[in-house]
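Examining the three-dimensional arrangement
Chain by chain, the residues:
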Amino acid sequence: MAPMCQYSADSDGENIGAPNDWHLQHYVSRAVGGAGLVMAEATGVSFEGRISPNDLGLWNDVQTRAFTRLVDQIRSHGAVAAIQLAHAGRKASTAPPWEGEGPVGAWTPLGASPVPFDEDHAVPHELTREELRGIAAQFAESAKRSLEAGFEVVEVHGAHGYLLSSFLSPFANRREDEYGGSFENRVRFPLEVVDAVREVWPERLPVLFRVSATDWAGDDGWTPDDTVRLAPLLAAHGVDLLDVSSGGNVPHARVASGPGYQVPFASRVKHETGMAVGAVGLITEPAQAAKILADDEADVVLLGRELLRDPYWPRRAARELGVAATERPVAAPPQYARS
């Protein structure tokens, strides 16, 4: 299960950012449905790191305890519990999608440069070197709390125009110091965040990194060539798998979408670098997902919106692909076995 924001956490009070009954129902249903790995949505490493006031966060003890309960339930149904740690950067402080996604002005967004995402978004505060070190430390602290809560996989969110992604893209990063300009400078901060997470995360457990393979905005932005160039650097810094998505850095990208439209990006990284990759993007049918793996285009398939539509998709896939009903992880709970 790919990370997908629910925008359903409390926005104030002592339970701010903590998973609640909605999240328990939502994620545990996918574990019961047979997903091998269930990844919690983009979880802010700080108050300012959330996309919306209703995003999950993991920076205090109340949140950690709530996540522990969620992880226990996910694991009890045979799935691996994962979490995506994120900082929204210049796309922060916005409303949930069903409220228009416009800025809410709850706090000042932070960014690589004072370049707003679009004319409706606030101008972000340009982060100083000292503030960047502080954010890397926040990622590390959230990773420690993730481990305490029982998560076995952590993903660093470096895609879709959020903070780390904005450092990668020349459209969002106009800095003239060691964090801007050249490719080497623009990848510096994302790699520092990976280092901070890997330092506190056990070597035996995986670290994933989600990347936007392209800005879908021509050669002046972040490109698939850049992604191929970044992959071995991430691997050298301890990333075990690259979760390959795309887009999100510019508001009017021309995306060539269609069934499996992002899979070729993952396949290229895998075959040109040897790094393990995950494929995402309009993967909806069991045979389609199975073919991606059989053709060696990716090492894992992460389902997003299809699992919103059908939490039991893995069970349907098992039937269609001829997997025995007693095989894990798709074995039904005993309460459902008679079905």
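This text gives an overview of the structure that appears in the document.

Basis of the calculations
As a convention, each chain's residues are numbered from 1 in the sequence order in which they are written. Side-chain atom pairs in this predicted model are given and counted only at pLDDT of 80 or more, local residue features only at pLDDT of at least 70, and totals for whole chains, interfaces and linings cover all residues. Calculation of side-chain values draws on the structure's entire complement of heavy atoms; hydrogens and water are dropped beforehand. Each helix is a run of H or I in the DSSP string that is no shorter than four residues. Each strand is a run of E no shorter than two, and both are numbered from the N terminus. Only the C-alpha atoms count toward the radius of gyration. The rule for a globule is 2.2 Å times the residue count to the power 0.38. Throughout this description, buried means an accessible area under 20% of the type-specific maximum (1.4 Å probe, protein chains only), exposed means over 50%, and partly exposed covers the range between. Note on areas: Shrake-Rupley with a 1.4 Å probe; residue coverage comes only from the protein chains shown. Charged residues are defined here as Lys and Arg on the positive side and Asp and Glu on the negative side; His and the ends of the chain fall outside this count. By convention, charge coordinates are those of NZ in Lys, CZ in Arg, CG in Asp, or CD in Glu. Criterion used throughout: strands pair if DSSP finds at least two bridges between them. Here, two residues are considered to be in contact whenever any of their heavy atoms come within 4.5 Å of each other. Where helices are involved, their axes are fitted lines through C-alpha atoms of the stretch in contact, as for all axes, and angles between N-to-C directions lie from 0 to 180°. Working definition: rings of Phe, Tyr and Trp (its six-membered ring) pair if their centres are within 6.5 Å, and the pair is stacked with planes under 30 degrees apart, edge-to-face with planes over 60 apart, and tilted otherwise. Here is the rule for handedness: rotate from the far helix to the near one, and if that takes an anticlockwise turn smaller than a right angle the crossing is left-handed, while a clockwise turn gives right-handed. By nonpolar core is meant a set of buried Ala, Val, Leu, Ile, Met, Phe, Trp, Tyr and Cys residues that side-chain atoms within 4.5 Å join together. Points on a 1 Å grid over protein atoms alone make up a cavity when a 1.4 Å probe fits among them but cannot get out, and a pocket when they form an open set with protein on both sides within 12 Å along at least five of seven lines; lining residues each have an atom within 4 Å of a point. Grid points are joined across faces, edges and corners, and a volume is the space filled by probe spheres set on the points. In the analysis that follows, any N or O atom pair within 3.5 Å is treated as a polar contact, provided that within protein one partner can donate a hydrogen and the other can accept it, and provided that, for residues neighboring in sequence, both atoms belong to side chains. Basic side-chain nitrogens of Lys or Arg form a salt bridge, by our definition, when they fall within 4 Å of a carboxyl oxygen of Asp or Glu.

What to know about the overall build of the protein
If you tally the helices and strands in the protein, you get 11 helices and nine strands. Its C-alpha atoms give the protein a radius of gyration of 19 Å, within 12% of the compact-globule value 20 Å for 339 residues. When its C-alpha atoms are laid out on the principal axes, the protein stretches across 65 × 45 × 40 Å. When the 339 residues of the protein are sorted by exposure, 56% land in the buried category. Surface accessibility of the protein: about 14,300 Å² in total, with carbon and sulfur atoms responsible for 50%. In the protein, the 30 positive side-chain charges and the 46 negative ones have mean positions that sit 4 Å from each other.

Regarding the sheet that holds strand β8 (residues 277-279)
Strands sit in the order β1-β2-β5-β6-β7-β8-β9 across an open sheet of seven strands; the sheet is parallel. Only two strands of the sheet have a single partner each, and these edge strands are β1 (37-44) and β9 (300-301). Bridge count for strand β7 (residues 241-245) against β8 is three bridges, and the pairing is parallel. Across the sheet, residue Val-244 finds its bridge partner in β8, namely Ala-279. Of the strands in this sheet, β7 and β8 are in contact with helix α8 (residues 263-273), which crosses β8 at around 165 degrees.

Comments concerning the packing of aromatic side chains
Taken as a whole, this structure holds nine aromatic pairs when the rule is applied. The interplanar angle of 80 degrees and the centroid separation of 6.4 Å between the aromatic rings of Phe-167 and Tyr-179 together place this pair among those described as edge-to-face. Here Phe-167, found in helix α4 (residues 163-168), pairs with Tyr-179, found in the loop between α4 and α5 (183-186); they are 12 residues apart in sequence, far enough to count as distant. For the pair shown, Phe-167 and Tyr-179 are each scored as buried. When the ring of Trp-216 is compared with that of Tyr-261, the centres are 6.4 Å apart and the planes differ by 40 degrees; the resulting orientation is tilted. Of this pair, Trp-216 sits in the loop between β6 (207-212) and α7 (224-236) while Tyr-261 sits in the loop between β7 and α8, and the two are 45 residues apart along the sequence.

Some remarks on the packing of helix α3 (residues 129-149) against helix α6 (residues 188-200)
Running from amino to carboxyl end, α3 crosses α6 at an angle of 35 degrees, the nearest separation of the two axes being 8 Å. Remark: the crossing between α3 and α6 carries right-handed chirality. Of the residues in α6, those touching α3 at Leu-132, Ile-135, Ala-136, Phe-139, Ala-140, Ala-143, Lys-144 and Leu-147 are Phe-189, Glu-192, Val-193, Ala-196, Val-197 and Val-200.

What about unusual backbone geometry?
Residues other than glycine seldom take positive phi values, yet His-160 does so here, at roughly 65 degrees. Since its relative accessible area comes to 18%, His-160 is described here as buried. If you check the backbone angles, Leu-282 has positive phi at about 50 degrees while not being a glycine. Here Leu-282 lies in the loop between β8 and α9 (286-294). Given a relative accessible area of 43%, Leu-282 falls into the partly exposed group.

Regarding the nonpolar core
Judged by nonpolar contacts, the single largest core of 78 residues is most densely connected at Ile-74, Phe-139, Phe-151, Phe-189, Phe-209, Leu-234 and Leu-242. In terms of residues, this core owes the most to one element, α3, which gives seven residues. Every residue in contact with Leu-234, bar those within four places of it in the chain, is listed here: Leu-191, Val-194, Phe-209, Val-239, Leu-242 and Met-275. Val-153, Leu-208, Leu-241 and Val-280 belong to the second largest nonpolar core, which has eight residues in total.

Considerations on the pairing of strand β5 (residues 153-158)
β5 sits mainly inside the fold: six of its six residues count as buried. In β5, alternate side chains face the same way, and those of Val-153, Glu-155 and His-157 on one face and Val-154, Val-156 and Gly-158 on the other are all buried. Note: strand β2 (residues 80-86) against β5, four bridges, orientation parallel. When the bridges of β5 are listed, Ala-82 appears paired with Val-153.

Brief notes about the layout of surface pockets
Considering only enclosed or pocket space, the largest pocket measures out at about 1,300 Å³ in volume. In terms of lining residues, the largest pocket is bounded by 47 residues, among which His-160, Tyr-162, Arg-210, Ser-245 and Arg-305 are the most central.

So, the side chain of Glu-306
Inspection of the secondary structure assignment puts Glu-306 in helix α10 (residues 305-309). Ignoring anything within four residues of it in the chain, the contact list for Glu-306 reads Ile-283, Thr-284, Trp-313 and Arg-316.

Some words on the environment of Asp-310
For Asp-310, the position within the fold is in the loop between α10 and α11 (313-321). Considered as a pair, Asp-310 and Gly-33 are 277 residues apart in the sequence and their alpha carbons are 8.7 Å apart. One polar contact links the side chain of Asp-310 to the main-chain amide nitrogen of Tyr-312, over a distance of 3.0 Å.

A look at the pattern of salt bridges
Throughout the structure, instances matching the rule amount to 20 salt bridges. Between Arg-198 and Asp-240 there is a salt bridge, with the nearest N and O atoms lying 3.1 Å from each other. One end of the pair, Arg-198, is in helix α6; the other, Asp-240, is in the loop between α7 and β7, and 42 residues separate them in sequence. Overall, Arg-198 belongs to the buried group, its relative accessible area being 11%. Ionic contacts of the salt-bridge type, sharing partners, join the residues Glu-285, Glu-306, Arg-309, Asp-310, Arg-316 and Glu-320 into one network.

Function cannot be inferred from these measures alone, as they are strictly geometric.
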